Amino acid sequence: MKKHIIRLLPILSIGLAVLLHNEIPNSTLQPQAEKPYFTYFLEILLGLYIICVVVSYVSKAFGEWLITKAPLWAGAVLLLNIINLAFSKYAMLPVLYFPCLDRVFEVFVTDYKLLWECIRSSFRLLAWGWLWGAGLGFITGVGIGFNKKLSYWVSPFTKVIGPIPPTSWSPLVLSLFTTSYHAAIFMIALAVWFPITLMTSSGIQNVQNSYFEAASTLGAKKYYRIVHVGIPAAMPHIFLGVFYATCSSFVTLVTAEMLGCKSGIGWYLNWVKSMMLYSKVYAGLIVLAGICTFVLTLIFKMKDKILVWQKGMIKW
Amino acid sequence: MVGEIKIEHVKKTFTNPDGSEVIALNDVNLDVEPGSFISLIGPSGCGKTTLLRAIAGLDLASEGAIYLDGNQVTEPGYERGYAFQQATLFQWLNIKQNIAFGLKARGVYKKEKDEVDRFIKLVGLEGFEKSYPHQLSGGMCQRASLARALVGHPKVLLLDEPLGALDAFTRMKMQDEILNIWKEHKMTMVMVTHDVDEAVYMSDKIVVMSARPAKVEKVIDIDLSRPRLRGQDAFLKYRTEILEILDFAGHVQEAEYFI
Ligand SMILES: Nc1ncnc2c1ncn2[C@@H]1O[C@H](COP(=O)(O)OP(=O)(O)O)[C@@H](O)[C@H]1O
Ligand SMILES: [Mg+2]
């Protein structure tokens, strides 16, 4: 019985938001949207949620999961509802910077093509920069971690270069690379390279020596010990590095796009801000949040897969 | 029969970070017959682990030499298996992968696959092949670690207080399991222990070492038929004899033996 009520919470919350949005007129101070896009958005949410509820009757596991999430989702919609009242209905804050929600959601319809272009462009930059940085960072880290000579010569260099914010290279990098696109990839790669190098090498250097000793008494030669003992034992550290690196790659991506590129979500944000189109700024921020969450979720999924041995909840 | 160890005039000094030197072993001589079970016993900190690691090739002797079947030991090798005091299972591998590690590292896993399953059975870990080390009890980890060291059929198995972390009941069970494996495979066993009962129960010979710098104080042949009874008179006589030597050898050390 209680579970049924919990499952209904998001529907009630969405219903309340729709009701208030339809019944209370938008403030006359707010420029109006062509259509009630916030209502459309809520209706889409409702549709998706009802599908979830239907599935929850088929799959028990999904149902359990849904019940754990339902209050959170209901709360999120309630928050949107309150924001809508504050911004759109009563214009409690300066309307230039706090547009009505109908207009924010309208952007996804009107700027659909451009936003999609920006998302693709940002992803391309991020992916290339990230892959180069992570690959080189991993190689540098493993090299420093296992080779004393390399560590002596290379780690001071990484310690000096690494902490400099990658975007501060932009004056130099923008003139060295022929296109701002390549300059941006370089800066993102730099941002990713440092944390991964640092955490990989320190992770490897901190692996208990007894693991290597055990491996050598079992007949493992040096190369085998590096690949099958040092690197897997350092994996938790390496993933911490990947996490820091990914966060810093977002910062660098947006800044690089704001500085030089002619596309991407950072560029979009900068551009709409300069035209004082704050509804588009919000839409851009929502898209950016989506990109970052998506990438981080991907990274954590990967971590769960690779580090299963760390969790205490594996079933067999 | 293979697995003969000769230890000749082995001396081992360590340099402390402050530059001072510690002599851990001083002129240790010992011959271990192939296929025999010997125990090293001595005061804590006297150099038992150091000697075992020297045989394994993990630390090399500063002077003197160690030979296995006539070949000088210069580096670790799978023919000298080592069971560490802590199980040191690879946390990122499941039990089966842990046990198969050495075979895979040497590129003989395909040929010896069945051995892995056989040893999992032998140490009673069937059904836990897919478990990770953190999911098992200390005793189970210790057994997995034994299986890992044994599966490659080493000529010598070096055991550094392998049962030290276990409770008394598990300990006695594991002693019998180790003896069974030894009986079946007849490799040379060298075990460090601080438990006199364990040493008398399991060994052909007990090597009593003196306090640091360690020397071989006395080698005692245990002339008892197997399986042994812990309560029998002869058993108790050996125990008393060893405790007396230890008491004398380690008079500076605090007593820390299981009686
Ligand atoms: N790596 C090392 N560096 C310096 N001293 C060491 C090192 N390993 C062991 N020792 C010293 O050598 C002596 C013998 O140690 P060990 O062989 O571990 O004794 P135990 O008989 O208890 O196993 C101890 O005094 C110890 O402090
Ligand atoms: Mg020791």
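Residues numbered from 1 in each chain as written. Chains lettered and ligands numbered in written order. Predicted model: local features only at pLDDT ≥ 70, side-chain atom pairs only at ≥ 80, totals over all residues. Heavy atoms only, no water.

### Some words on the site of ligand 1
Residues and elements named next belong to chain B.
Item 1. In the vicinity of ligand 1, the contacting residues are Phe 14, Asn 16, Ala 24, Ser 44, Gly 45, Cys 46, Gly 47, Lys 48, Thr 49, Thr 50 and Arg 212.
Item 2. A distance of 2.8 Å separates an oxygen atom of ligand 1 from a polar atom in the backbone of Gly 45.
Item 3. In this structure, an oxygen atom belonging to ligand 1 sits 2.6 Å away from a side-chain N or O atom of Thr 49.
Item 4. Against a free-state accessible area of 560 Å², the protein chains account for coverage of 64% of ligand 1. (Near = heavy atom within 4 Å. Polar contact = N/O pair within 3.5 Å; in protein donor to acceptor, adjacent residues only side chain to side chain. Areas by Shrake-Rupley, 256 points an atom, 1.4 Å probe, with all protein chains shown as cover.)

### Section: the packing of aromatic side chains
Item 1. Going through the model one piece at a time under the given rule, you end up with 25 aromatic pairs over all chains.
Item 2. Among the aromatic side chains, those forming a connected cluster through ring pairs are A:Tyr211, A:Tyr224, A:Trp309, B:Phe90, B:Trp92 and B:Phe101.
Item 3. The ring of B:Tyr109 is capped by B:Lys104, whose NZ or CZ atom sits 4.9 Å from the centre of that ring. (Phe/Tyr/Trp six-rings, centres within 6.5 Å; stacked < 30°, edge-to-face > 60°. Lys NZ or Arg CZ within 6 Å of the ring centre and 35° of its normal.)

### Considering the interface of chain A and chain B
Item 1. On the chain B side, the residues contacting the 22 residues of chain A number 27 residues.
Item 2. With both sides pooled, the region where chain A packs onto chain B buries about 2200 Å², and carbon together with sulfur makes up 68% of that total.
Item 3. Along the contact surface separating chain A from chain B lie one salt bridge.
Item 4. Across the pair A:Glu213 and B:Arg53 runs a salt bridge whose closest N-O atoms are separated by 2.5 Å.
Item 5. At the junction of chain A and chain B, the tally comes to three residue pairs in polar contact (both at pLDDT 80 or more).
Item 6. Mapped onto the side of chain A that touches chain B, the elements with two or more residues apiece are helix 9 (209-217) and helix 10 (222-259) of chain A. (Contact = heavy atoms within 4.5 Å. Buried area = accessible area lost by both parts, 1.4 Å probe. Salt bridge = Lys/Arg side-chain N within 4 Å of Asp/Glu carboxyl O. Helix = DSSP H or I, 4+ residues; strand = E, 2+ residues; numbered from the N terminus.)

### Focus: helix 6 (residues 148-161) of chain A
Residue and element names in this part refer to chain A.
Item 1. Along its 14 residues, helix 6 runs 20 Å from first to last C-alpha, staying within 8% of the 20 Å computed at 1.5 Å per residue.
Item 2. The sharpest bend along helix 6 comes to roughly 35°, located at Val 154, with the proline Pro 156 sitting one to four residues further on.
Item 3. Looking only at helix 6, the buried set comprises Ser 151, Ser 155, Thr 158 and Ile 161.
Item 4. Packing partners of the buried residues in helix 6 comprise helix 5 (112-146) and helix 8 (180-205).
Item 5. A side-chain oxygen of the first residue of helix 6 lies 2.9 Å from the backbone nitrogen of Lys 149; this N-cap is Asn 147. (Expected span 1.5 Å × (residues − 1). Bend = angle between axes of the 7 residues up to and from the residue. Buried < 20%, exposed > 50% of the residue type's maximum accessible area, 1.4 Å probe, protein only.)

### Some words on the packing of helix 2 (residues 37-58) of chain A against helix 4 (residues 101-110) of chain A
Residues and elements named next belong to chain A.
Item 1. The interhelical angle for the contact between helix 2 and helix 4, taken along N-to-C directions, is 70°, at an axis separation of 7 Å. On the basis of their axis angle, the class for helix 2 and helix 4 is roughly perpendicular. Where helix 2 approaches helix 4, its residues Tyr 37, Phe 38, Thr 39 and Phe 41 are matched on the opposing element by Leu 101, Asp 102, Phe 105, Glu 106 and Val 109. (Axes fitted to C-alpha atoms, helices over the stretch in contact; angles between N-to-C directions. Parallel < 35°, antiparallel > 145°, perpendicular 65-115°, else oblique.)

### A few points about the nonpolar core
Item 1. Grouped together as the largest cluster of nonpolar side chains are 92 residues, with contacts concentrated most on B:Ile5, B:Ile7, B:Leu40, B:Phe90 and B:Phe101.
Item 2. Sorting elements by how many residues they give to this core places helix 10 of chain A first, with 15 residues.
Item 3. Excluding its chain neighbours within four sequence positions, the residues that come into contact with B:Phe101 are A:Ala215, A:Leu218, A:Ala220, A:Tyr224, A:His228, A:Val229, B:Phe90 and B:Leu93.
Item 4. In this structure, B:Ala83, B:Ala100, B:Leu166 and B:Met189 belong to the second largest nonpolar core, which totals 52 residues. (Core = buried A, V, L, I, M, F, W, Y, C linked by side-chain atoms within 4.5 Å.)

### Things to note about the domain arrangement of chain A
Item 1. Assigned domains of chain A: these are domain 1 (2-97) and domain 2 (112-310).
Item 2. Centre-to-centre separation of domain 1 of chain A and domain 2 of chain A, based on C-alpha positions: 36 Å. (Domains from an automatic or database assignment.)

### A word on a nonpolar patch on the surface
Item 1. A surface patch of nonpolar side chains, about 350 Å² in accessible area, is lined by A:Leu16, A:Leu19, A:Leu78 and A:Ile82.
Item 2. Within the residue set of the nonpolar patch, elements represented by two or more residues are helix 1 (2-23) and helix 3 (60-89) of chain A. (Patch = residues over 30% accessible without salt bridge, like charges linked within 9 Å, V, L, I, M, F, W, Y side chains within 5 Å.)

### Focus: the environment of A:Gly260
Item 1. Checked against the element boundaries, A:Gly260 lands in the loop between helix 10 and helix 11 (265-274).
Item 2. Taking the C-alpha atoms as reference points, A:Gly260 and A:Pro166, separated by 94 residues in sequence, lie 14 Å from one another.

### As for unusual backbone geometry
Residues and elements named next belong to chain B.
Item 1. Residue Pro 227 is reached from Arg 226 by a cis peptide bond, and omega for that bond is -5°.
Item 2. Counting through the fold element by element, Pro 227 comes out in the loop between strand 10 (216-221) and helix 7 (233-249).
Item 3. The backbone of Asp 69 shows a phi angle near 50°, a positive value even though the residue is not glycine.
Item 4. In this fold, Asp 69 is placed in the loop between strand 4 (63-68) and strand 5 (71-72).
Item 5. Taking relative accessible area as the criterion, Asp 69 reaches 27% and is therefore assigned partly exposed.

### Points about the pairing of strand 7 (residues 156-160) of chain B
Residues and elements named next belong to chain B.
Item 1. With respect to burial, strand 7 is a largely interior element, five of its five residues being buried.
Item 2. Alternating residues of strand 7 divide into Val 156, Leu 158 and Asp 160 and Leu 157 and Leu 159, and every residue in both groups is buried.
Item 3. As paired elements, strand 6 (residues 80-83) and strand 7 share four bridges and run parallel to each other. Bridged to Tyr 82 within strand 7 is Leu 158.
Item 4. Relative to strand 8 (residues 188-192), strand 7 runs parallel, the two being bridged by five bridges. Paired with Leu 157 across the two strands is Met 189, which belongs to strand 8. (Pairing = 2+ DSSP bridges.)

### A short note on the environment of B:Gly102
All names here are of chain B.
Item 1. Considering the arrangement of structural elements, one finds Gly 102 in helix 2 (residues 95-105).
Item 2. Judged by its relative accessible area of 5%, Gly 102 falls in the buried class.
Item 3. Distance in space between the C-alpha atoms of Gly 102 and Ser 210 is 35 Å, their sequence separation being 108 residues.

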